[in-house]
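Results of the structural survey
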Amino acid sequence: MIEVTQIESPHLSGNLIGDPSRRDLIVYLPPGYAASRRRYPVAYLLHGFGRRATSWIAGPLVERGSFRPSIDDVVNEAIAKHGAAEMIVVMPDGWSRWGCSQWVDSPVNGNFERYVTEDIVKYVDGRYRTIPSRDSRGVFGISSGGLGAWHLGSRNPDVFGAMLLLSADSYFEFTHKPWLYRFYNAVYPNEPNGPINGNLDSWFSYGLASCYTPNVAKPPFFVDLPIEFPSGAIVQDLWDRWLSYDPIVSWRPRSDQLRRLRGIRLDVGYHDEFDLQYGHRLLSLGMAGAGIAHEAVEHDGTHGSRLFERIQLSLAWFSRILRFEE
């Protein structure tokens, strides 16, 4: 069963681009929820760039030539056929007008980390029969949502006991720099002046800068881009701020928090169009070298071609990792 509600958040109010502070929240309740009084663990599912919480329940439909089921059908099948236990699945909204909040705190988009870890978790535990413990909470997501799962899980082990990354943004030196250069190529000799409809590189550039290098003194976009135009020179202090969010860099200062988690899983396709498999591999090598327990799996899909199957396998993994009894 799906419930759709809305939450007004003080952590999102007053953002510089005027995005709404009242957001949709999608909650999946398992088949046995209505007929029992038991409590359930919770998996928090984060969407990717350009999506909204309601994107999860837009199906069933055909999108870009592929069938897109509704998330309740996906989770029900995970329970019925793929070994997942019954749990609550919560889908917050991390959309911003530049693409996505990346689930981090920013004066441009709003404080999305605090929105999830403080507002939403409190709301869900107060409204639904959850097991209100970090040992019974997991966070996972796809793409920008995978980066969000990393950010929230690795920084908040008192809130989430496990995290799972699906094709997560990573290895920015390799994957992200080309977006900025291609954007500059597209607008030259004109100056960059915000996202351009039809140019995904421009949306990535401004969308991520609004999260990683916000600048309250530079309206109307309120960002600093980390590469000079038109020379292409790296602005190192700005680029270092971007890298501080990159999992292959940020795992080191967060290693103590990572060791507190009950489980960490990395899941990516080795035909990912954004080459995120390399970031996953480097992150796995780094954590393995430091003795941080985790699982790393790859499949033969692309960035999102096997998304719903991977969500089902993720829920089966959470069923082994999360605590199901109070």
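Residues numbered from 1 in each chain as written. Predicted model: local features only at pLDDT ≥ 70, side-chain atom pairs only at ≥ 80, totals over all residues. Heavy atoms only, no water.

Here we come to the overall build of the chain. Helix and strand counts for the chain stand at 11 helices and 12 strands. Rg of the C-alpha trace for the chain: 19 Å, near the compact-globule value of 20 Å for 326 residues, within the 12% margin. Summarising its shape, the C-alpha atoms of the chain cover approximately 65 × 45 × 40 Å along the three principal directions. A total of 326 residues make up the chain; the buried ones form 59% of that total. Across the chain, contacts joining residues at least 24 apart in sequence account for 73% of those joining residues at least 6 apart. Averaging the locations of the 33 positively and 37 negatively charged side chains of the chain gives two centres separated by 5 Å. (Helix = DSSP H or I, 4+ residues; strand = E, 2+ residues; numbered from the N terminus. Rg over C-alpha atoms; globule rule 2.2 N^0.38 Å. Buried < 20%, exposed > 50% of the residue type's maximum accessible area, 1.4 Å probe, protein only. Contact = heavy atoms within 4.5 Å. Lys, Arg positive; Asp, Glu negative; His and termini not counted. Charge placed at Lys NZ, Arg CZ, Asp CG, Glu CD.)

By the definition in use, this model includes 19 salt bridges. Among the ionic pairs, aspartate 135 bridges to arginine 262, the shortest N-O distance being 3.7 Å. Of this pair, aspartate 135 sits in the loop between α2 (112-127) and β9 (137-142) while arginine 262 sits in the loop between α9 (255-259) and β11 (263-269), and the two are 127 residues apart along the sequence. Here glutamate 173 makes a salt bridge to lysine 177, at a shortest N to O gap of 2.6 Å. Assessed through its relative accessible area of 18%, lysine 177 is described here as buried. Among the charged side chains, a network of salt bridges with common partners joins Asp267, Asp300, Arg306, Glu309 and Arg310. (Salt bridge = Lys/Arg side-chain N within 4 Å of Asp/Glu carboxyl O.)

Look at the link from tyrosine 188 to proline 189: it is a cis peptide, with omega at 10°. You can see proline 189 is positioned in the loop between α5 (177-187) and α6 (200-212). A cis amide bond links phenylalanine 229 with the next residue in sequence, proline 230, at an omega value of 5°. Note on placement: proline 230 falls in the loop between α6 and α7 (236-243). One non-glycine residue, tryptophan 103, lies in the positive phi region at around 65°.

Here we take up the side chain of aspartate 125. Turning to its location among the elements, aspartate 125 is positioned in helix α2. Given the relative accessible area of 19%, aspartate 125 is considered buried. In terms of polar contacts, aspartate 125 uses its side chain to reach the side chain of threonine 130, at 2.6 Å. Not counting residues up to four positions away in its chain, the partners in contact with aspartate 125 are Thr130, Pro132 and Arg137. (Polar contact = N/O pair within 3.5 Å; in protein donor to acceptor, adjacent residues only side chain to side chain.)

Structurally, the α-helix is built with 3.6 residues per turn, so residues lying three or four positions apart point the same way. Of all the bends in α2, the greatest measures close to 30° and is centred on isoleucine 120. Within α2, the full set of buried residues consists of Phe112, Glu113, Tyr115, Val116, Thr117, Asp119, Ile120, Val121, Val124 and Asp125. (Bend = angle between axes of the 7 residues up to and from the residue.)

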